[in-house]
Amino acid sequence: MKKAIAILAIVVVLIAAAAVLLPRYLNPERYRPQIEAALHEATGWKVSLGELKLQLFGGATIRIRPVELSDPASGFRTEVKTLRIRVELKPLLKGTLAIRKIDVIKPAITLLWTEEGLQLPSLPRTTGGSAGTAGEEGRRGPKVTIARVEIRNGSLTVKHQLPRASSIWALTQVSGSILPAGKRLKLSGRVGEGGLSVTSALGGPTTIAFEGLRPENLPPWLVQDLLRPGSFLSGTLGLAPGVLRIEGNVLAKHLALLDGQAPLKRAELRLSIARKPHGWELRSFRMKALGGTLVASGSLAPKLDLNVELPLSSVEAAMAIARALHPVPAELKGPGQVQGIARIRRSSKGILTATASGTISAAVLRLMAGLPPIRQVRVRFRYEEDGRLTITSLRGILAGGGLQAKAGLVPLSPPGTLSLKAKLQGSDLRRLLLSFAVPHAREIAGSAAAEATLRTDLSSGIPGPAGLRGKVTATVTGLRIPGWDLVSTITAQLGKGGSWKDMLHALGSSGATRKGGRKKRASFDKAQLKLVMNGLPWRVSGLELDSPELEARGSGTFDPVRGTVRLQLKVRLDAALSAKLVERASFLSSLRDGSGRLVIPTIVRGPVTSPSISVDLESALSGDRGLGGLLESLLSGGG
């Protein structure tokens, strides 16, 4: 028992002695120069170590708090809260610091972006896994080797400092490993809600993989403040050694520029970006969406200046891509094809401008709400830097008839004044009126030809016909319209005959009215009119209606929204009908013209397809000719 107690006492004394003597013998301070040299060789940066402590329990570990690494050439700096160096004890007893792993806990790395670009820290000339040699050992101390460096819960911050703007971009939850001997680096972290990982051969190629990155969480110098918030980017990019070059593939969801009208649900991007002495160059860019392709190249920074081409693509793809880039006030429907070229630039004041030109073929084009759709369209267009969109040649079919037109929109965004100069031939009047939503237009028939000069201010918020300004000259052949039976109405009001008392009664009831029935459809061989649009109702002038039984001339107003008219006509009846009416009421002879045909002032007002028609006898019998004829008729004893 006494022997056992003695042995136990010796062991306790030895352990106590080891606890006192080993830290002194293995004083970590003697390794400070070697650790600094090893870290410098592994990173190429200046190293400053804080307090060093050696822990033997649980494995030999040197703990350093804090650690600072910096690169004087670039201003780069990183601070590490705690650095744990796990070493092999046996080599340590022989004077060699063999590091199994370095744990870098909560490193905070800061980079600076200036007008010269991202100020990256310089890389080491050599990336060997050891520090100190046999010849240097006398001066620098024991040999040091590093097997692995682990990074946990770090952060990377890029400060964007330019004369006109400043911002901060951060990569958080950074974790990874560095293998100095194998010259390999692997890092991963979070950018907002998205993830990002980096794999690199130190001094060689680097691969960056990312998923679910939002443009608003990316560095402003990377996206040039172009992308609309709400997009998601995923993909893989490669960075070439030497001259900095970025190449790879990106999958974008809900992608749109800041000025875009509607994002693309899905777009596949392939790009190549190269660092130039004074900025960044987009060497090549290709985007595929909905079967369409957009290619681009040019300068990204410090000034944006891109050449963009849309090869021959379907209307659906072209419209989707165009709306993602810029507002498009017109509506296009396929099948059809679009091709064009554009140049996009950002001025020194940050103003984005563009020019574009191309051709369009489409099944349907609608220039604006309230204008009828144009079918089987062929268009040449040009978009100017001042925001002017010009359609130099527009051909198509409007309401079944041929259309030739020129159009312009100033500015395109936000939509301003739309102007249109058009010539129409052989259109179906019914379909034309229906496109303007004229009530009861289905009951009207005819073939229309017209010339129009129109404009509308899209920014005014006044929709459809109410916002139109300009004039239209139209000719309709074979016009059929219910409620316009002028002959029956006039005959009914004037053909009763009677004495002069009957005539006075007729004068007293001037404006005797007969409503035209919708079932009674009138036919005119030809109709002509001129519409002047300056707010509702539209003004009608030069109205001419011709049929075998009459000729009508007049003017008035037309309200396309309510579908109503108010017209004053002079109806010239044919000779046979005029003679019959004069025979029944001789006082009407004063209304005959030189050829013996009655000219009857008539008022047409109300719904287009069921107006009220009034013979205006008061107007007809006023004036010298009317009263003179009446007196002559009375003195001669006539009716």
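Residues numbered from 1 in each chain as written. Predicted model: local features only at pLDDT ≥ 70, side-chain atom pairs only at ≥ 80, totals over all residues. Heavy atoms only, no water.

Our focus in this paragraph is the overall build of the protein chain. Secondary structure summary: the protein chain contains twelve helices and 34 strands in total. Residues classed as buried in the protein chain amount to 45% of the 639 residues present. Long-range pairs, those at least 24 residues apart, make up 51% of the contacts in the protein chain with a sequence separation of at least 6. (Helix = DSSP H or I, 4+ residues; strand = E, 2+ residues; numbered from the N terminus. Buried < 20%, exposed > 50% of the residue type's maximum accessible area, 1.4 Å probe, protein only. Contact = heavy atoms within 4.5 Å.)

On to the pattern of salt bridges. With the rule as written, the count across this model stands at 14 salt bridges. As a salt-bridge pair, Lys333 and Glu331 come within 3.7 Å of each other at their nearest N and O atoms. When its relative accessible area of 44% is taken as the criterion, Lys333 is described as partly exposed. Here Arg553 makes a salt bridge to Asp546, at a shortest N to O gap of 2.9 Å. Through salt bridges with shared partners, one network takes in Glu544, Asp546 and Arg553. (Salt bridge = Lys/Arg side-chain N within 4 Å of Asp/Glu carboxyl O.)

Once that is clear, we can look at the side chain of Ser234. Tracing the chain through its elements places Ser234 in strand β13 (residues 232-240). Within the structure, Ser234 has its side chain in polar contact with the backbone nitrogen of Gly212 (distance 3.0 Å). Filtering out sequence-adjacent residues up to four positions away, Ser234 remains in contact with Phe210, Glu211, Gly212, Asn249, Val250 and Leu251. (Polar contact = N/O pair within 3.5 Å; in protein donor to acceptor, adjacent residues only side chain to side chain.)

Let us look at the packing of aromatic side chains. For the structure on display, the rule yields one aromatic pair. Taken together, a centroid distance of 6.1 Å and an interplanar angle of 75 degrees make the contact between Trp538 and Phe558 edge-to-face. In this pair, Trp538 is assigned in strand β30 (residues 538-547) and Phe558 in strand β31 (residues 550-559), connecting sequence segments 20 residues apart. In this structure Trp538 comes out as buried when scored by relative accessible area, which is 4%. Classification of Phe558 as buried rests on a relative accessible area of 12%. (Phe/Tyr/Trp six-rings, centres within 6.5 Å; stacked < 30°, edge-to-face > 60°.)

Here we come to the pairing of strand β26 (residues 445-457). Sheet topology note: the strand β25 (residues 417-428)/β26 ladder contains ten bridges and is antiparallel. Looking at the pairing, Ser427 lines up with Ala448 of β26. One ladder, built from eleven bridges, connects β26 with strand β27 (residues 468-482); its direction is antiparallel. Looking at β27, one finds that Ala448 is bridged to Val476. (Pairing = 2+ DSSP bridges.)

Once that is clear, we can look at the confidence of the model for the protein chain. With 76% of its residues at a pLDDT of at least 70, the protein chain reaches an overall mean of 78. Per-element averaging of pLDDT across the protein chain places helix α4 (residues 137-140) at the bottom with 44 and β30 at the top with 96. Note on residues 507-518: pLDDT is under 50 here. Beyond four places in sequence and across chains, it has 32 contacts. (pLDDT = per-residue confidence, 0-100.)

For helix α8 (residues 486-494), every residue scored as buried is listed here: Leu486, Val487, Thr489, Ile490 and Leu494. Axial view of α8: buried residues confined to an arc of 165 degrees, hence all on one face. (Arc of directions from axis to C-beta.)

Turning our eyes to something else, we now look at the pairing of β31. As defined by bridge partners, β30 adjoins β31 across eight bridges and the pair is classed as antiparallel. Within β31, the position partnered with Trp538 by the bridge is Phe558. The antiparallel hairpin formed by β30 and β31 contains two residues in its connecting segment. Note that β31 and strand β32 (residues 564-573) share ten bridges and pair antiparallel. The residue bridging Glu551 from the neighbouring strand is Arg572, located in β32. Taking the residues between adjacent antiparallel strands as the criterion, β31 and β32 are bridged by four residues, where Gly563 takes a positive phi near 70 degrees.

Moving on, we get to the environment of Lys253. Its location among the elements puts Lys253 in strand β14 (residues 245-253). Owing to a relative accessible area of 40%, Lys253 belongs among the partly exposed residues under this scheme. Once residues within four sequence positions are removed from consideration, Lys253 is found in contact with Gly230, Ser231, Phe232, Leu264 and Lys265.

Further remarks concern helix α10 (residues 575-584). Residues separated by three or four positions in an α-helix point in the same direction, a consequence of the helix having 3.6 residues per turn. Within the sequence span of α10, burial applies to Leu577, Ser578, Leu581 and Val582. Buried residues along α10 cover an arc of 135 degrees about the axis, so they all sit on one side. Across from the buried face of α10, at angles greater than 90 degrees, the exposed residues are Ala576 and Glu583. For α10, the secondary structure elements touched by its buried residues are α8 and β32.

Topologically, Arg63 is positioned in strand β2 (residues 61-71). There is no salt bridge for the buried Arg63, and the closest opposite charge comes from Glu51, which lies 5.5 Å off by N-O distance. Leaving out residues up to four positions away in the same chain, Arg63 has contacts with Glu51, Leu52, Lys53, Gln55, Thr82, Leu83 and Arg84. (Lys, Arg positive; Asp, Glu negative; His and termini not counted.)

Among the structural elements, Ser393 can be located in strand β23 (residues 389-398). It is 7.5 Å that separates the C-alpha atoms of Ser393 and Phe381, two residues lying twelve residues apart in sequence. Every residue in contact with Ser393, bar those within four places of it in the chain, is listed here: Arg378, Val379, Arg380 and Ala405.

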